[in-house]
Amino acid sequence: STMESVFLGGLLSMSSTTVIIKSYDEMGLKSKPYAQVVFGTIIIEDMIAVLLMVLLSSLAISNKFAGGEMLFNLGKLAFFLILWFLIGIYLIPTLFKKAGKYINSEILLIVSIGMVAFAESVGFSSALGAFVMGSILAETVESEKIDKLVTPIKDLFGAVFFVSVGMMVAPAAVAEHWLTILIITIVVYISDILFVTIGAVLAGKGLENAVHAGFSLAQLGEFGFIISGLGCSLGVMRGFINPVIIAVSVLTTFTAPYMIKLAAPAYSFLHKHLPKKLLDRIDHEEKEDVKNIAEQSEWKQLLKSYFLRIVLYGVVIIAIDLAAKSYLDPLLLKLFPSLGTGALSAIGLVVTLAVMAPFIYGLG
């Protein structure tokens with residue numbers, strides 16, 4: 001049906017964060033130039049997946065496009081991302097420096113995992129929450145120690161992930177729907193390689209980086225299970241689709257390292273057979289992209305820094321206001337129960353404005 005096709009299109013657009021990072025780590029590719037393109041893309045995919053689930057749910061229930069709800073969730077996501085990065089840059093490293101001598105390995109591990117759980121409770125996906133908190137912890141003096149502490153847990157859950165995915169495969173469903181599985185697998189390979197490569201070329205990343213990014217992202221990710229399960233639970237997808245998607249994911253997971261290795265010969269083939277004018281144009285766009293980043297005008301840099309300051313300070317001011325309404329007002333009511341509502345509101349307003357004052361001044 002049309003709704004099944006929409007859900008299928010949404011879930012096929014998600015590559016596997018776990019598989020890509022594991023493959024790049026074991027193949028020693030994390031320091032390659034195209035690794036940044038690949039990691040950046042899968043993080044954006046995880047962000048989009050959160051919005052996509054909201055959009056598809058409302059589409060399945062009301063058969064209407066919930067643009068307002070999606071924009072609200074997009075704004076919420078952007079707000080919390082900016083807030084967490086600000087906290088990570090200015091607050092978390094300072095706390096670790098001050099309390100470093102009191103924090104042992106066990107507390108450090110619990111704090112690190114707890115930060116991810118907190119990010120997920122706010123509304124991020126577990127993968128996106130882990131990325132956000134990991135990037136925050138990377139700026140601390142304890143980053144290397146945290147990395148060593150988390151590695152065994154990462155390996156454990158990596159094994160659990162692959163075993164659990166294998167256990168979800170239904171051999172009977174694979175035998176019955178093998179043609180559907182084969183067709184969807186081919187669609188995943190062709191669409192991911194083609195569109196990611198074209199997108200990276202258009203973004204000025206060069207042909208080599210684009211081809212490697214395209215082949216690296218050619219698999220179906222774990223978000224596919226979630227979207228597929230969502231569609232089945234809402235009754236807009238038939239039950240057989242879920243085991244089919246799992247089978248496609250397992251198949252593309254097995255072939256992921258080979259697809260990554262195929263990128264180099266694929267690039268060599270394209271470099272030999274594509275017209276020289278096209279190759280020169282792609283290389284020119286890559287050089288222009290690097291040049292534009294390196295040589296921005298002072299006026300552009302000034303406007304960029306001013307806009308960035310407005311956004312950052314604005315997020316902090318909104319966060320202070322939300323915190324005051326959620327925590328300060330109930331606290332004042334508890335501490336001064338004899339005071340009237342007007343007096344408590346006035347005290348709360350004064351305290352809130354006092355905390356906001358440096359940031360309001362910074363906006364000027």
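The structure this text deals with has already been given above.
Conventions used here
Residues numbered from 1 in each chain as written. Predicted model: local features only at pLDDT ≥ 70, side-chain atom pairs only at ≥ 80, totals over all residues. Heavy atoms only, no water. Buried < 20%, exposed > 50% of the residue type's maximum accessible area, 1.4 Å probe, protein only. Helix = DSSP H or I, 4+ residues; strand = E, 2+ residues; numbered from the N terminus. Arc of directions from axis to C-beta. Contact = heavy atoms within 4.5 Å. Patch = residues over 30% accessible without salt bridge, like charges linked within 9 Å, V, L, I, M, F, W, Y side chains within 5 Å. Areas by Shrake-Rupley, 256 points an atom, 1.4 Å probe, with all protein chains shown as cover. Salt bridge = Lys/Arg side-chain N within 4 Å of Asp/Glu carboxyl O. Core = buried A, V, L, I, M, F, W, Y, C linked by side-chain atoms within 4.5 Å. Axes fitted to C-alpha atoms, helices over the stretch in contact; angles between N-to-C directions. Parallel < 35°, antiparallel > 145°, perpendicular 65-115°, else oblique. Left-handed = near helix turned anticlockwise from the far one by under 90°. Nonpolar A, V, L, I, M, F, W, Y, C, P; charged D, E, K, R; others polar.

Draft legend 1. Seen up close, helix 5 (residues 92–99). Buried within helix 5 are the following residues: I92, P93 and F96. Each buried residue of helix 5 sits inside an arc of 100 degrees when the element is viewed along its axis, so together they form one side. When the buried face of helix 5 is taken as reference, the exposed residues oriented beyond 90 degrees from it are K97 and K98.

Draft legend 2. Structural detail: the environment of L220. With respect to the helices and strands, L220 occurs in the loop between helix 11 (207–216) and helix 12 (223–233). Taking relative accessible area as the criterion, L220 reaches 1% and is therefore assigned buried. Considering only alpha carbons, one finds L220 and L12, 208 residues apart in sequence, at a separation of 6.2 Å. Excluding residues within four positions of it along the chain, L220 makes contact with L11, L12, M14, S16, V188, I245, V248, S249 and T252.

Draft legend 3. Structural view of a nonpolar patch on the surface. A cluster of nonpolar residues, W178, L179, L182, I183, I186, V187, I190, L194, F195, I198 and L202, forms a patch on the protein surface that exposes about 1,100 Å² of accessible area. Within the secondary structure layout, L202 lies in helix 10 (residues 178–202).

Draft legend 4. Inspection of the nonpolar core at higher detail. Of all hydrophobic cores here, the largest spans 33 residues; its most connected members are F7, L11, I227 and V248. Breaking this core down by element, the ones donating at least two residues are helix 1 (2–12), helix 3 (33–62), helix 8 (143–167), helix 10, helix 12 and helix 13 (241–273). Top element by residues in this core is helix 13. It accounts for eight residues. Apart from the residues lying within four places of it in its own chain, the contact partners of V248 are I181, I184, T185, V188 and L220. Core analysis: the next-biggest nonpolar cluster, separate from the first, contains 19 residues, L77, F96, V132 and I146 among them.

Draft legend 5. Highlighting the side chain of T17. Topologically, T17 is positioned in helix 2 (residues 17–27). Exposure remark for T17: the relative accessible area of 11% places this residue in the buried category. With near-sequence residues (within four places) excluded, T17 lies in contact with I42, D46 and E222.

Draft legend 6. Representation of the packing of helix 1 against helix 12. Where helix 1 contacts helix 12, the two axes come as close as 8 Å, and the packing angle between them is 165 degrees. Between helix 1 and helix 12, the crossing angle belongs to the class labelled roughly antiparallel. Note that helix 1 runs across helix 12; the crossing there is right-handed. Along the contact surface, helix 1 presents F7, G10 and L11, while helix 12 presents G224, I227, S228, L230 and G231. For the contact of helix 1 with helix 12, the residue count by class is four nonpolar, four polar and no charged.

Draft legend 7. Highlighting the packing of helix 10 against helix 11. Direction vectors running N to C along helix 10 and helix 11 enclose 150 degrees, while the axes themselves pass 7 Å from each other. The orientation of helix 10 relative to helix 11 falls into the category roughly antiparallel. For the pair helix 10 and helix 11, the sense of crossing is right-handed. Facing D192, I193, V196, T197, A200 and V201 of helix 10, the residues of helix 11 in contact are L207, A210, V211, A213, G214 and F215. By residue class, the composition of the contact of helix 10 with helix 11 is nine nonpolar, two polar and one charged.

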